[in-house]
Amino acid sequence: MRVAVTGATGRMGKTVLSVARERGLDVAFAVNRDAEGEHVEGVPVRPSVEFEALLDEERPDAVVDFTGPEATVAYAGACATDGVPLVTGTTGFSEADVAALEEAGTETPVLVGANFSRGVQALLDAVESAVGDLPEYDVELTETHHNGKRDAPSGTAKVLLDRVEGTREDASERVHGREGEAPREAGEVGVHARRAGDITGEHEVLLAGNHEALELTHRAGSRSVFAEGALDAAAWLAEQPADYYRFETIASQL
Ligand code: NAD
């Protein structure tokens with residue numbers, strides 16, 4: 001498989017290039033916004049304004065993208081034009097961004113994943129099961145990330161919250177932090193985002209009631225778990241027809 005990597009000098013882009021090298025994959029090209037002649041894992045990083053021209057020229061089997069919503073939507077448009085599959089781990093999309101990615105998915109395979117780790121996929125299933133088994137217990141979610149993370153709550157937190165709300169009929173609203181007079185209402189789901197140091201990513205779902213508490217926690221120890229999952233997804237996506245795919249619905253096929 002020949003992959004192209006965007007955001008190549010970012011935290012995840014560098015990790016994707018490192019795992020690609022470990023796997024012996026060909027890297028068709030790598031881009032980043034302010035690239036100025038640097039190399040990552042021996043791969044020259046080109047300015048991202050050259051993305052469309054490089055895509056036309058190199059025709060990789062898939063593009064692996066970890067950047068920001070604006071960049072991802074632009075890359076998806078170029079991938080749609082050229083029929084190149086796009087895997088993106090970017091988070092923080094608006095509804096309009098998602099609509100643009102779905103539109104690109106009508107022309108080429110597009111896969112979005114808020115979290116490419118296998119452990120988080122298992123956490124999603126465990127949370128669904130626990131929330132279903134403990135319907136009257138209070139649910140609170142806490143996520144913790146490094147101090148450079150831009151969006152809050154994390155994309156993974158949103159997927160976990162979707163799963164809670166899809167399982168629990170009485171889920172009323174997401175309450176982001178609490179301050180002052182803030183009694184807990186029945187059915188609300190508390191959401192707490194912590195930003196500190198270089199923590200890769202932690203998600204904890206707490207269920208409490210009836211004199212007991214259950215905590216379901218995932219901790220990522222290295223960004224390589226996300227890069228491994230994204231490259232597995234890219235290999236899968238390269239064989240699929242044009243559509244808009246979500247990682248959590250296809251992860252069990254990898
Ligand atoms: P980062 O800030 O270290 O890297 C992002 C890179 O994208 C930077 O090099 C930046 O220059 C580039 N970029 C941003 N906006 C751009 C634009 N408009 N045009 C061109 N280049 C642009 O961030 P990171 O920690 O690597 O995370 C990147 C994204 O991936 C975030 O949305 C993050 O939440 C997400 N993420 C997802 C997973 C997952 O498993 N899906 C895991 C970790 C991070």
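As the structure is a computational prediction, the values presented were derived from the model and not from experiment.

This part is about the overall build of the protein chain. Regarding its fold elements, the protein chain presents eight helices and 13 strands. In terms of overall dimensions, the protein chain is globule-like: its C-alpha atoms have a radius of gyration of 19 Å, near the 18 Å expected for 254 residues. Principal-axis analysis of the C-alpha atoms gives the protein chain an extent of 60 × 35 × 30 Å. For the protein chain, the residues scored as buried account for 47% of the 254 residues in total. Residue pairs at least 24 apart in sequence account for 67% of intrachain contacts in the protein chain once pairs closer than 6 positions are excluded. Approximately 12300 Å² of the protein chain is accessible, and the part contributed by carbon and sulfur atoms is 44%. With 22 positive and 47 negative side-chain charges, the protein chain shows a spacing of 5 Å between the two charge centroids.

Moving on to the side chain of Glu143. Within the element layout of this structure, Glu143 appears in strand S8 (residues 138–145). Separated by 2.7 Å, the side chain of Glu143 and the backbone nitrogen of Ser154 make a polar contact. Setting aside residues up to four positions removed in sequence, Glu143 forms contacts with Ala152, Pro153, Ser154, Ala157, His192, Ala193, Arg194, Arg195, Glu202 and His203.

This paragraph deals with the side chain of Asn115. Looking at the secondary structure, you find Asn115 in the loop between strand S7 (109–112) and helix H5 (118–133). Among the polar contacts made by the side chain of Asn115, one reaches the main-chain amide nitrogen of Ser117 at a distance of 2.9 Å. Separated by 3.1 Å, the side chains of Asn115 and Thr156 make a polar contact. Once residues within four sequence positions are removed from consideration, Asn115 is found in contact with Val120, Gln121, Thr156, Phe226 and Phe247.

This part is about the UniProt feature "active site" (unreviewed entry) in the protein chain. Those places that UniProt annotates as "active site" (unreviewed entry) correspond, in this numbering, to His145 and Lys149. Within the element layout of this structure, His145 appears in strand S8. Judged by its relative accessible area of 8%, His145 falls in the buried class. Contact partners of His145, with chain neighbours within four places excluded, come to Ser154, Arg194, Arg195, Ala196, Ile199, Thr200, Gly201 and His203. Among the polar contacts listed, one links the side chain of His145 to the side chain of Glu143, at a separation of 2.8 Å. Mapped onto the secondary structure, Lys149 falls in the loop between S8 and helix H6 (155–167). Excluding residues that lie within four positions of it along the chain, Lys149 makes contacts with Thr91, Ser154 and Arg195.

What follows is about the sheet that holds strand S11 (residues 201–209). In sheet architecture, strand pairing relies on hydrogen bonds along the backbone and comes in two forms, parallel and antiparallel. One open sheet holds the five strands; their spatial order is S9-S10-S8-S11-S12, and the pairing between them is mixed. What marks the edges here is a single partner per strand, and that holds for strand S9 (174–176) and strand S12 (212–220). The average angle at which neighbouring strand axes cross in this sheet is 20°, direction not considered. Where S11 meets S12, nine bridges bridge the pair, whose relative direction is antiparallel. Within S12, the position partnered with Leu207 by the bridge is Leu214. Strands S8, S11 and S12 of the sheet are contacted by H5, whose axis makes an angle of about 165° with S12.

Calculation rules
Residues numbered from 1 in each chain as written. Predicted model: local features only at pLDDT ≥ 70, side-chain atom pairs only at ≥ 80, totals over all residues. Heavy atoms only, no water. Helix = DSSP H or I, 4+ residues; strand = E, 2+ residues; numbered from the N terminus. Rg over C-alpha atoms; globule rule 2.2 N^0.38 Å. Buried < 20%, exposed > 50% of the residue type's maximum accessible area, 1.4 Å probe, protein only. Contact = heavy atoms within 4.5 Å. Areas by Shrake-Rupley, 256 points an atom, 1.4 Å probe, with all protein chains shown as cover. Lys, Arg positive; Asp, Glu negative; His and termini not counted. Charge placed at Lys NZ, Arg CZ, Asp CG, Glu CD. Polar contact = N/O pair within 3.5 Å; in protein donor to acceptor, adjacent residues only side chain to side chain. UniProt positions renumbered as here; feature names shortened; annotations may be inferred. Pairing = 2+ DSSP bridges. Axes fitted to C-alpha atoms, helices over the stretch in contact; angles between N-to-C directions.

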